[in-house]
Amino acid sequence: MGRGKIEIKKIENSNSRQVTFSKRRQGLLKKAYELSVLCEADVAVIIFSSTGKLFEYSSSNMQTILSRYSKSMDSSQVSTPEIKSEKQESKEVDVLKEEIENLKMKHLRMLGKDLTGIGLRDLGELEQQLNEGLISIKERKEQILMRQLAQSRLQEQRAMLENETLRKQANKIFVYVDEKFPITWAFVYEFCLRLFIGLTLNVG
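Residues numbered from 1 in each chain as written. Predicted model: local features only at pLDDT ≥ 70, side-chain atom pairs only at ≥ 80, totals over all residues. Heavy atoms only, no water.

## Side note on the overall build of the protein
For the protein, the helix and strand inventory stands at 5 helices and 4 strands. Out of the 204 residues in the protein, the part that is buried amounts to 9%. Taking contacts inside the protein between residues at least 6 apart in sequence as the whole, the part at least 24 apart equals 18%. Just so you have it, the protein exposes about 18300 Å², and 58% of that area is on carbon and sulfur atoms. (Helix = DSSP H or I, 4+ residues; strand = E, 2+ residues; numbered from the N terminus. Buried < 20%, exposed > 50% of the residue type's maximum accessible area, 1.4 Å probe, protein only. Contact = heavy atoms within 4.5 Å. Areas by Shrake-Rupley, 256 points an atom, 1.4 Å probe, with all protein chains shown as cover.)

Printed below as a string of structure tokens:
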């Protein structure tokens, strides 16, 4: 029994679409290779996936083939460069619009919105992506907290060293006239205060 005819339309399921893309791409590149060998033709194939990934094949140097193609197109369409440019720009705009819509849809689904029509498998993949993202966020948060903790400990150690230095300097303030009569900061302060008062009275 022969295979049923496949309806050519966009495959909605992302996994099925990726599998089909991979198989069809490999088949196309194989056919291009066979054509170049069997017919001694210069063949170049350029493919961009829906995610923007590039796949290509060329029977010889890709730049040489593209240069030949460009010259051929220039010579055959000299009278219609503006139309060609407008069509190309329109196509690029359509592609960009589609990519923007896909990004908006992915963003909404990452927020848990607009989940209507998503199958169980796609929901599982979305859940896995969210879990992986959450794990990355937690790891980054822990790294920041550990860095802040290390900085706090370093600042604390510096403060302790400064306090110790000040304590040692304060201990050196004690000037002993003899072992039974230490002169402390309090004594020096009181002495200077009395001296200042005496000088003030004398000036007055």
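## Focus on the layout of surface pockets
What the largest pocket holds in volume is close to 1900 Å³. Along its surface, the largest pocket is lined by 43 residues, and Arg17, Ser49, Ser50, Thr51 and Asn102 are the ones closest to its centre. Of the residues in the lining of the largest pocket, the class split is 15 nonpolar, 15 polar and 13 charged. Estimated volume of the second largest pocket: approximately 320 Å³. Along its surface, the second largest pocket is lined by 11 residues, and Ile6, Glu7, Lys9, Ile11 and Thr20 are the ones closest to its centre. (1 Å grid on protein atoms, 1.4 Å probe; cavity = no way out; pocket = protein on both sides within 12 Å on 5 of 7 lines; lining within 4 Å. Points joined across faces, edges and corners; volume = space filled by probe spheres on them. Nonpolar A, V, L, I, M, F, W, Y, C, P; charged D, E, K, R; others polar.)

## Describing the pairing of strand β2 (residues 54-58)
Residues in a regular strand project their side chains so that they alternate between the two faces of the sheet. Of the two faces of β2, only the one carrying Phe55 and Tyr57 is buried; Leu54, Glu56 and Ser58 on the other face are not. For strand β1 (residues 44-48) and β2, the ladder comprises 5 bridges, and the chain directions are antiparallel. Among the inter-strand pairings, Ala44 is bridged to a residue of β2, identified as Ser58. In textbook terms, the turn of a hairpin is the stretch between consecutive antiparallel strands, and for β1 and β2 this stretch comprises 5 residues, one of which, Gly52, has a positive phi near 95°. (Pairing = 2+ DSSP bridges.)

## Regarding the environment of Phe48
In this structure, Phe48 sits in strand β1. Under the relative-accessibility criterion, Phe48 is labelled exposed at 56%. Leave out the neighbours within four places in its chain, and Phe48 touches Lys53 and Leu54.

## Observations regarding the packing of aromatic side chains
As enumerated under the stated definition, the model contains 1 aromatic pair in all. The side chain of Arg25 reaches across the aromatic face of Phe55, ending 4.1 Å from its centre. (Phe/Tyr/Trp six-rings, centres within 6.5 Å; stacked < 30°, edge-to-face > 60°. Lys NZ or Arg CZ within 6 Å of the ring centre and 35° of its normal.)

## Thoughts on a nonpolar patch on the surface
A cluster of nonpolar side chains, Ile46, Phe48, Leu54 and Leu66, forms an exposed patch at the surface whose accessible area comes to about 370 Å². Along the polypeptide, Leu66 turns up in helix α2 (residues 62-76). (Patch = residues over 30% accessible without salt bridge, like charges linked within 9 Å, V, L, I, M, F, W, Y side chains within 5 Å. Salt bridge = Lys/Arg side-chain N within 4 Å of Asp/Glu carboxyl O.)

## Some thoughts on the confidence of the model for the protein
Per-residue confidence for the protein gives a mean pLDDT of 77, with 71% of residues at or over 70. Segment residues 175-181 is flagged for pLDDT under 50; beyond a separation of four residues in sequence, or across chains, it makes 7 contacts in the model. (pLDDT = per-residue confidence, 0-100.)

## Side note on helix α1 (residues 14-39)
The terminal C-alpha atoms of α1 lie 37 Å apart, and with 26 residues this matches the ideal 38 Å at 1.5 Å per residue to within 8%. Capping the start of α1, Asn13 holds a side-chain oxygen 3.0 Å from the backbone nitrogen of Asn15, two or three residues further along. Phi turns positive, to about 55°, at Glu40, one or two residues after α1. (Expected span 1.5 Å × (residues − 1). Polar contact = N/O pair within 3.5 Å; in protein donor to acceptor, adjacent residues only side chain to side chain.)

## Description of the pattern of salt bridges
Two side chains bearing opposite charge may form a pair once their charged atoms approach each other closely. One pass over the full model with this rule turns up 1 salt bridge. Ionic pairing is found between Asp42 and Arg68, a salt bridge with its closest N-O pair at 2.5 Å. In this pair, Asp42 sits in the loop between α1 and β1 while Arg68 sits in helix α2, placing the two residues 26 residues apart along the sequence. The class for Asp42 is partly exposed, based on a relative accessible area of 45%.

## A short note on the nonpolar core
Judged by nonpolar contacts, Leu29, Ala32, Val43, Val45, Ile47, Phe55 and Tyr57 together constitute the single largest core of 7 residues. The set of elements that each furnish at least two residues to this core consists of α1, β1 and β2. (Core = buried A, V, L, I, M, F, W, Y, C linked by side-chain atoms within 4.5 Å.)

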